[in-house]
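Results of the structural survey
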Amino acid sequence: MRTQIIVLHRYAYGDSSWIVKALSPDLGVLSLLVKGAKSKNSRFKASIDPLAHSEIEIRYNRSKGNSCLIIPKEAFLQNYFQKMRMNLQSLAAAQLMAEILLKLGNNFSHAAEEFKWLLNNLEYLELNEANENSLSIWLHKLCDILGYAPMLLNCGLCGQKILQAPADLWHSAGGAVCENCLGEKKPSYDQVFLQELGNFANGKSNSRQNCQRIENFFLGHLKVHAGALDNLRSYEWLIETRKLASS
Ligand SMILES: [Zn+2]
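Rules used throughout
- Residues numbered from 1 in each chain as written.
- Predicted model: local features only at pLDDT ≥ 70, side-chain atom pairs only at ≥ 80, totals over all residues.
- Heavy atoms only, no water.
- Helix = DSSP H or I, 4+ residues; strand = E, 2+ residues; numbered from the N terminus.
- Expected span 1.5 Å × (residues − 1).
- Buried < 20%, exposed > 50% of the residue type's maximum accessible area, 1.4 Å probe, protein only.
- Arc of directions from axis to C-beta.
- Domains from an automatic or database assignment.
- Contact = heavy atoms within 4.5 Å.
- Buried area = accessible area lost by both parts, 1.4 Å probe.
- Salt bridge = Lys/Arg side-chain N within 4 Å of Asp/Glu carboxyl O.
- Pairing = 2+ DSSP bridges.
- Axes fitted to C-alpha atoms, helices over the stretch in contact; angles between N-to-C directions.
- Core = buried A, V, L, I, M, F, W, Y, C linked by side-chain atoms within 4.5 Å.
- Donors = N, O, S within 2.8 Å, 3.2 Å for Na, K, Ca; no water.
- Tetrahedral: all angles 85-135°; square planar, octahedral: opposite > 155°, others 65-115°.
- Parallel < 35°, antiparallel > 145°, perpendicular 65-115°, else oblique.
- Left-handed = near helix turned anticlockwise from the far one by under 90°.
- Nonpolar A, V, L, I, M, F, W, Y, C, P; charged D, E, K, R; others polar.
- Polar contact = N/O pair within 3.5 Å; in protein donor to acceptor, adjacent residues only side chain to side chain.

Here we look at helix H3 (residues 111-127)
The first and last C-alpha atoms of H3 sit 24 Å apart over 17 residues, in line with the 24 Å expected at 1.5 Å per residue. All of the buried residues in H3 are Ala-111, Glu-114, Phe-115, Leu-118, Leu-119, Asn-121, Leu-122, Leu-125 and Glu-126. One face of H3 carries all of its buried residues, which in axial projection span an arc of 165°.

In structure tokens, the structure reads:
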């Protein structure tokens, strides 16, 4: 069968081969053993580079599922995202998306949506530079795909529309809490952050310095629900590239 892939990660196997982790909309996260791929004459070349979008031809055994190593017969590069790779921040953002999807692992039922939104973002980053909201939007969408997006535009307790900013965020309420429901209680998040999150939810942009707090909020939310997202190395790198860009 043929399937599209986006390469999430790869590591050397022996002297000449790669083990490639790739997301397919049809099959979820696949482990591909690409023999001889390190050789100059390999027919796979750039099609199995990290973050490449390719189409592969595989012999897929439905009964075994995708838990085993699959040896692709051929790969056809669809998009290498050359311009995205030239921009450090865009590249770091794309690598973080790939790392998160890899760590979340193989959730079959969400693969098509995860693939679509990753591809969408890579195409966006190829045409535009990463902006302060793009990673937050992707993280929010990922929470949504996985079925646990935090409620931001309505109060999670009474359903009332949140006009400016939530009065607080409660995990037990699934997200935002309005002023009425918060009542006399002290909010657990600071006002400035809640306003930034309100801005984000309403499609207004925040400053470059503030975007990291929104990202961390969504990363924390993903961690609570999915676990296994500690030590995101690409996130540290992304923060470094931002410092470089603003200095
Ligand atoms: Zn309420």
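Here we look at the domain arrangement of the chain
Examined at the domain level, the chain breaks down into domain 1 (1-80) and domain 2 (82-247). With 19 residues of domain 1 at the contact, the number on the domain 2 side is 19 residues. Across the interface of domain 1 and domain 2, roughly 1,700 Å² is buried in total on both sides, 71% from carbon and sulfur atoms. Our enumeration of links across domain 1 and domain 2 arrives at zero salt bridges. When residues of the side of domain 1 that touches domain 2 are traced back to their parent elements, those giving at least two are strand S1 (2-13), strand S2 (17-24) and strand S3 (28-34).

Quick notes on the environment of Gly-14
On the secondary structure map, Gly-14 appears in the loop between S1 and S2. Look at Gly-14 and you get exposed, because its relative accessible area is 56%. Separated by 163 residues in sequence, Gly-14 and Val-177 place their C-alpha atoms 54 Å apart.

Some details on the sheet that holds S1
Taken in spatial order, the six strands of this open sheet run S5-S3-S2-S1-S4-S6, and their pairing is mixed. Looking along the sheet, the strands with just one partner apiece sit at the ends: strand S5 (69-70) and strand S6 (72-79). One ladder, built from seven bridges, connects S2 with S3; its direction is antiparallel. Paired with Ile-19 across the strands is Leu-33, a residue of S3. On top of the sheet, helix H2 (residues 88-104) reaches S1, S2 and S3; it is set at about 90° to S1, its chief contact. Sheet strands in contact with H3 are S1, S2, S3 and strand S4 (53-58), and its direction is about 80° off that of S1.

A short note on the nonpolar core
Counting residues in each nonpolar core, the largest one holds 49 residues, and the members touching the most others are Ile-100 and Leu-222. Listing elements by their share of this core, those giving two or more residues are S1, H2, H3, helix H4 (134-145), helix H6 (191-201), helix H7 (211-226) and helix H8 (233-246). A total of nine residues in this core trace back to one element, the largest contributor, which is H2. The contacts of Ile-100, once residues within four sequence positions are left out, are Trp-138, Leu-139, Leu-142, Leu-219, Leu-222, Leu-229 and Leu-232. In terms of nonpolar packing, the next biggest core, distinct from the first, is built from 17 residues, Ile-5, Val-7, Ala-22 and Ala-75 among them.

Description of the coordination of the zinc ion
The coordination sphere of the zinc ion, as far as protein atoms go, consists of Cys-155 (SG), Cys-158 (SG), Cys-178 (SG) and Cys-181 (SG), spread over 2.3 Å. Angles of 106 to 113° at the metal separate the four donor atoms of the zinc ion, which places the site in the tetrahedral class. Of note, the zinc ion draws all its donor residues from one chain, in the sequence arrangement C-x2-C-x19-C-x2-C. Linking Cys-155 in the loop between H4 and strand S7 (168-170) with Cys-178 in the loop between strand S8 (175-177) and helix H5 (179-182), this pair joins segments that are 23 residues apart in sequence. The two residues Cys-155 and Cys-178 agree in class, both being buried.

Some details on the packing of H2 against H8
Remark: H2 packs on H8, axes separated minimally by 8 Å, with the N-to-C direction vectors making an angle of 165°. On the basis of the axis angle, H2 is roughly antiparallel to H8. For the element pair H2 and H8, the recorded crossing hand is left-handed. The residues of H8 that touch H2, namely those facing Leu-88, Gln-89, Leu-91, Ala-92, Ala-93, Gln-95, Leu-96 and Glu-99, are Arg-233, Ser-234, Tyr-235, Trp-237, Leu-238, Thr-241, Arg-242, Leu-244 and Ala-245. Here the residues of the contact of H2 with H8 sort into ten nonpolar, four polar and three charged.

As for the side chain of Ser-31
Within the secondary structure layout, Ser-31 lies in strand S3. Of the polar contacts made by the side chain of Ser-31, one reaches the side chain of Lys-21; its length is 2.8 Å.

Quick word on unusual backbone geometry
For Leu-51, which is not a glycine, the phi torsion comes out positive at approximately 75°. By the element assignment, Leu-51 lies in the loop between S3 and S4. The residue Phe-81 is not glycine, and still its phi comes out positive at about 55°. With respect to the element layout, Phe-81 can be found in the loop between S6 and helix H1 (82-86).

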